[in-house]
Amino acid sequence: MLLQNEGVYEQLVMYERSEAEMEIIRDISRTFPSHIFFRERHGLGQRSLYNILKAYSVYDRQVGYVQGMGFIAGVLLLYMSEEDAFWVLVALLKGAVHEPIEGLYREGLPLLQLYFYQFEGLVKQHLPKLALHMEQESIHMSMYASQWFITICAHSFSFGLVVRVWDVMILVGLPC
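Sequence positions are assigned chain by chain, starting from 1 and proceeding in written order. Where local features are concerned, this predicted model is filtered to residues with pLDDT of at least 70; where side-chain atom pairs are given and counted, the filter is 80 or more; whole-chain, interface and lining totals use all residues. Hydrogens and water are ignored here; the side-chain numbers use all heavy atoms of the structure.

(A) Just the packing of aromatic side chains, in detail. Ring pairs shown here join Phe, Tyr and Trp side chains whose ring centres sit within 6.5 Å, with only the six-membered ring taken for Trp; geometry is labelled stacked below 30 degrees between planes, edge-to-face above 60, and tilted in between. Within this structure, the stated rule accounts for 14 aromatic pairs. For the ring pair Phe-116 and Phe-149, a centre distance of 6.0 Å and an interplane angle of 65 degrees mean the geometry is edge-to-face. In this pair, Phe-116 is assigned in helix H7 (residues 110-126) and Phe-149 in helix H9 (residues 146-150), connecting sequence segments 33 residues apart. Take Phe-116 and Phe-149: they sit in the same class, and that class is buried. Every member of this aromatic cluster is reached through a ring pair, and the members are Tyr-115, Phe-116, Phe-119, Tyr-144, Trp-148, Phe-149 and Phe-157. Helix and strand assignments come from DSSP, with helices taken as H or I runs of at least 4 residues and strands as E runs of at least 2, each series counted from the N terminus. The buried label applies to any residue whose accessible area, calculated with a 1.4 Å probe on protein chains only, is under 20% of its type's maximum; exposed applies above 50%, and partly exposed to all values in between.

(B) Representation of a nonpolar patch on the surface. On the surface, Val-168, Leu-171 and Val-172 cluster together into a nonpolar patch covering about 310 Å² of accessible area. Taking the relative accessible area as the measure of exposure, Val-172 reaches 55% and is therefore exposed. The patch calculation keeps residues exceeding 30% relative accessible area without a salt bridge and links them within 9 Å when they carry like charges or within 5 Å when they are nonpolar (Val, Leu, Ile, Met, Phe, Trp, Tyr). Computed with a 1.4 Å probe, the accessible areas rest on the Shrake-Rupley method; for each residue, only the protein chains presented here act as cover. Just to be clear on terms, a salt bridge is a Lys or Arg side-chain nitrogen sitting within 4 Å of an Asp or Glu carboxyl oxygen.

(C) Helix H10 (residues 159-172), seen in detail. For a helix, the expected span equals 1.5 Å multiplied by the number of residues minus one. In this model H10 runs 20 Å from its N-terminal to its C-terminal C-alpha over 14 residues, within 8% of the 20 Å that 1.5 Å per residue would give. Looking at H10, one finds that the buried residues are Val-162, Trp-166 and Met-169. Along the long axis of H10, the arc covered by the buried residues comes to 60 degrees, so they all point the same way. Turned more than 90 degrees away from the buried face of H10 sit Arg-164, Asp-167, Leu-171 and Val-172, all of them exposed. Looking at the buried side of H10, the elements it contacts are helix H5 (69-77) and helix H6 (82-94). The reported arc concerns the directions from the helix axis to the C-beta atoms and nothing else. By definition, residues are in contact when any of their heavy atoms lie within 4.5 Å.

(D) Region of interest: the nonpolar core. By size, the foremost hydrophobic cluster in this structure holds 47 residues, and its most contacted members are Phe-86 and Leu-104. Where this core is concerned, the elements lending two or more residues are helix H1 (8-15), helix H2 (21-28), helix H4 (44-59), H5, H6, H7, H9 and H10. Remark: nonpolar core denotes a set of buried residues (Ala, Val, Leu, Ile, Met, Phe, Trp, Tyr, Cys) joined through side-chain atoms within 4.5 Å.

(E) Local environment of the pattern of salt bridges. What the rule picks out here adds up to 7 salt bridges. For the salt bridge of Arg-30 with Asp-27, the shortest nitrogen-to-oxygen distance reads 3.1 Å. The class for Arg-30 is partly exposed, based on a relative accessible area of 42%. Ionic pairing is found between Asp-60 and Lys-94, a salt bridge with its closest N-O pair at 2.6 Å. Of this pair, Asp-60 sits in the loop between H4 and H5 while Lys-94 is found in helix H6, placing the two residues 34 residues apart along the sequence. The class for Lys-94 is partly exposed, based on a relative accessible area of 33%.

Shown next, in the form of structure tokens:
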């Protein structure tokens, strides 16, 4: 994608405006706040993360920007250059290799709703007592699992586990 779109990322970062710029700025410090790469206010990590998120919000105006995207871009930034991370984000969301995951961020969050349905079915099948208890206590999956799915585990789990989940995701894709 990078080779087919030479100069596009620079154009998006330098010359385009996004309606989500203020929201992105507000959320940057909430993305991996204790990680050394993202900790420094206006440091390289935060600037790179801002650039990627702003560029994506302009690149795909239908999806725009959603807070969980910062964690996806952040993990990618730890392993590659800013521009490469942007294009891998595009590839993941648009489905260049596997099924697209942009439904995690589209209006109405359709992919998130599908994951809730699948996860709920798995819990009922494999942990029926837990499923019954959670139902009796009125604990809905959206109360605890939204962040897991929207950030593809990057916000809620140890970095070692996140890297393993992402290895599988990049190799075979997420279930759809």
